[in-house]
Amino acid sequence: MHDDDIKHPQAAAEFLQDRPHARWHDSAVWWVRKKRDAQAEKLPEWEQLRALADQIKAHTLSRLDEYLAEFANKAKSNGVTVHFAQDAQEHNTIVHGILAAAHVKKLVKSKSMLTEECGLNPYLEARGIEVIDTDLGERIVQLRHERPSHIVMPAIHLKKEQIGELFEKEMGTEHGNSDPTYLTHAARANLREHFLTADAGMTGVNFAIAETGGVVVCTNEGNADLGVSLPPIHISSMGIEKIIPKMEHLGIFTRLLARSAIGSPITTYTSHFHQARQGGEMHIVIVDNGRSAILGSSEFRKSLQCIRCGACMNTCPVYRRSSGMSYSYIIPGPIGSTLGPSRDIKKHASMAFACTTCGSCSNVCPVKINLHEQLVGQRAKAFDANAVPRLKKWAIQTAGFMMKHPALFDFAGKVQRTIIPIVPEALLKNSAWHKYGRATPDMPKDSFKDIMRKRVQGDKK
Amino acid sequence: MSSREQILNTIRANRPAPVELPDIHAPVFVHYDDPHQQFSTLVETLGGCAVYVNEGQSVLDAVKAHWPDAGQGRIVNLLEGNNAGQSHTELQAQSQSPHDHQNVDIAIVAGQLAVAENASVWVSNANLDCRSLYFLCQRLVMVVPRERMVHTMRDAYAQIKIEERGFGSFIAGSSRTADIEQSLVMGAHGAMAALVVFV
C-alpha cells in the first residue's frame, strides 16, 4: 500500500504547504515526546533499563537461530501451529491458506506493521476475504484508503474534523459532530459488530518468548484481545527479531515500551498468548522478509533490536515537520529511514537524507539503536549505489573535494565573504537562502578559523 | 529445503559475535514507600479506580457502593464462594461460545497480583474457558488480595503463572485510545471502566 516513488524533500514540501496543519502536527507529536520524558524521569533506573534492553536484544541476535528454534518447538508443544515465511509473498500465501481452509469470509486484524509491510490486506481482499482493521487509528486510515503515518499513532496526521466527515460517510454519525469521545464510541459500536461476526482474528506480536513459546501483544484498546478471543482462528504474525530469551525479560521490555511510545506507564492490555482459546486453533507465522540479511551487516544489524515504540519519530525534528506520509517506506521516521534503505537503497535513498544527524532519536531509543549513525551510513551506501539525485551527488562530490583541500576551502570562503555582499538581491532569488523567504545572511568579516585563531592568541596573552 | 531451514541457515551464516546475556536482577529498581498509594493514584489516570473492602463487606457490596446502578445489567461473578451475581458454574453451563459474554455489564474476576509502578493487575484465571469475558464486558472488576502487591514488573514476572489455557494479561485501567487528535477517550473496544478491589 505504500508508495515507493515518494521522494522525501518533495513530499515534505507538499505537507508544509498547509502551514497551520503542519504546525499542529509538530506540536501534537512533540507533546507525546514530552510525555515520554515525564515517564522516564519517574524511574531512577531508566538508563539501566535501556542498557539491559540493549544487551538482551544484542545477545538474542547473536544466538537468534537457537532462540527461534526453541520458540518454534515450544509453541508446537503448546498445540500452536508454527509457520516460517521467507518473504512477504510466502507470508501472505500461508495466511490465506489458513483462512481459505476454514472458509473464512471476514478477518478482524489488530494493528501490525508487519502485515502492512507484506501488503496482506490487498492480497486477501483480492481473494474475497473482508479485512477489518480494528485499531481505531488503523481503521480510520483503512477507510480513507491511506497507509498509517506513524507506527503507534496511525492517524496522527489527521484532524478530528476530517475523521468526523469520514465517519459520517462510513458509519452515519451526526453531521458536523467531530467530538473525539462521540466518534470513538461510534467506532466502538461499529467495530463490535465486526468482532462478533468475524471468522478469524489476526494480531502482530510485540514480544515472542523462546522459553515458553508464547507471544505478547500490547494494546490500549483491547482490539487484539477481542479479535482473537471471539473467532475460532487466531493468527499471529511476527518478524524473526521479536524473540526474547525468557519470560522474565519482559520485566525489562514492558517497562520501556509504553513509556517510550506514548508516555504511559504501560498499555491497558499486555496479553500473553500461549494457546488457542477453547475449541479454537492458533497459528504463528514467523517472517524473515529481508531481516536475516540485515543481521549479516555489522553496520546496520542493530536496527533489528527495534521494539517499534515510535519514540524516534516523536522526537525527530524532521518527522514532526514533514509527517510520516513523506517517507517512502511503510515505517517512517528515523528507524524507517534505516530499515527502508537496508531493504532497497534505490527506492528509499531519499529517506536517509531526511535527517539532520541531531542524534535525538538515538538518545530516546529504549534499546539504544545508533540511529543517526546508521543514517549517515545509509547515505554513504546511497551515494555508492548511485541512488542520489545528480545535483546532490555533484554537490556532495564538490564539498568532499573542498574538505580535502584546506587551502582551496579557505580561498572559497574568502571569495564568498567578499562577493555575496555586493551581489544584487535579485540574483540570489532562487538560491537555497532565498527559497523559503529567508534574507541573505550578513557575511562575517573573518572566517571561523580566523576568529578562533584570534581567540586562542587572546587566551595566551 | 524448508523455509524454516533456509531462514535458520541464513541466520547461522550471518550470526554476530557472541554477546553475554545480562543479569537483569542485579540493578536496584524503584521502591515505593507506599505502593498501595502509588497504585491507587495512578489507576485513576488510567481510567480505573481502586477500593478496599471493609470488615464484613462483600466484594459485591463494594462494587455496588462504587457503581450505584450495578445490578440493573447482567453481572458475572467468578469469585469462589461468592453467590451474588452469576456464578462460575452457572456461567459455564450457559455459555456455549465466547460470544455469549457480549451482554455482560459487570464481570468480577480474580486478579492474582497488582503492580505499583503501572497500576496493572495480572489476570489468568484457572478453569475460565472464555477469556473473551475480560474484554467483552462493559465494566471489569479485578479482585486482588491486598498483600499481593509488587513494586515493578520485574517483581511481577518472578511470581506470575499462566493458568487460563495458556492465556494471561496485565490489565491497567479501562480500555482507551487517543487516536483522534490525541484526545484521551475511555472505552475503546474493551471494558469502558475498571475497578480494582483489594480484599
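Scroll up to find the structure.
What counts and what doesn't
Residues numbered from 1 in each chain as written. Chains lettered and ligands numbered in written order. Predicted model: local features only at pLDDT ≥ 70, side-chain atom pairs only at ≥ 80, totals over all residues. Heavy atoms only, no water. Helix = DSSP H or I, 4+ residues; strand = E, 2+ residues; numbered from the N terminus. Expected span 1.5 Å × (residues − 1). Buried < 20%, exposed > 50% of the residue type's maximum accessible area, 1.4 Å probe, protein only. Contact = heavy atoms within 4.5 Å. Buried area = accessible area lost by both parts, 1.4 Å probe. Salt bridge = Lys/Arg side-chain N within 4 Å of Asp/Glu carboxyl O. Polar contact = N/O pair within 3.5 Å; in protein donor to acceptor, adjacent residues only side chain to side chain. Nonpolar A, V, L, I, M, F, W, Y, C, P; charged D, E, K, R; others polar. Pairing = 2+ DSSP bridges. Axes fitted to C-alpha atoms, helices over the stretch in contact; angles between N-to-C directions.

Draft legend 1. Summary view of helix α3 (residues 46-62) of chain A. Between its terminal C-alpha atoms α3(A) stretches 24 Å, which fits the 24 Å expected from 17 residues at 1.5 Å a residue. Taking burial as the measure, the 17 residues of α3(A) include 13 buried ones, the bulk of the element.

Draft legend 2. Examining the interface of chain B and chain A more closely. Counting from both sides, the interface comprises 72 residues of chain B and, opposite them, 93 residues of chain A. Here chain B packs against chain A, burying approximately 7,100 Å² in sum over the two surfaces, 60% of which is carbon and sulfur. Counting every contact that joins chain B to chain A gives six salt bridges. With a shortest N-O distance of 2.8 Å, Arg255(A) and Glu117(B) are connected by a salt bridge. Our enumeration of links across chain B and chain A arrives at 44 residue pairs in polar contact (both at pLDDT 80 or more). Listed by contribution, the elements that provide at least two residues to the side of chain B that touches chain A are α1 (3-13), β5 (120-123), α5 (132-136), α6 (153-159), β8 (167-171), β9 (176-177) and β10 (185-186) of chain B. No other element matches α1(B), which puts eight residues into the side of chain B that touches chain A. The residue makeup of the side of chain B that touches chain A, split by class, is 35 nonpolar, 24 polar and 13 charged.

Draft legend 3. The sheet that holds strand β4 (residues 200-203) of chain A, seen in detail. Residue and element names in this part refer to chain A. Spatial strand order, β1-β10-β7-β4-β2-β3: six strands in an open sheet with parallel pairing. Each edge of the sheet is formed by a strand with only one pairing partner; in this case those strands are β1 (81-85) and β3 (130-133). When the angles between neighbouring strand axes are averaged without regard to direction, this sheet yields 20°. Where strand β2 (residues 106-109) and β4 come together, three bridges link them in parallel fashion. Its bridge partner lying in β4, valine 108 is registered against glycine 201.

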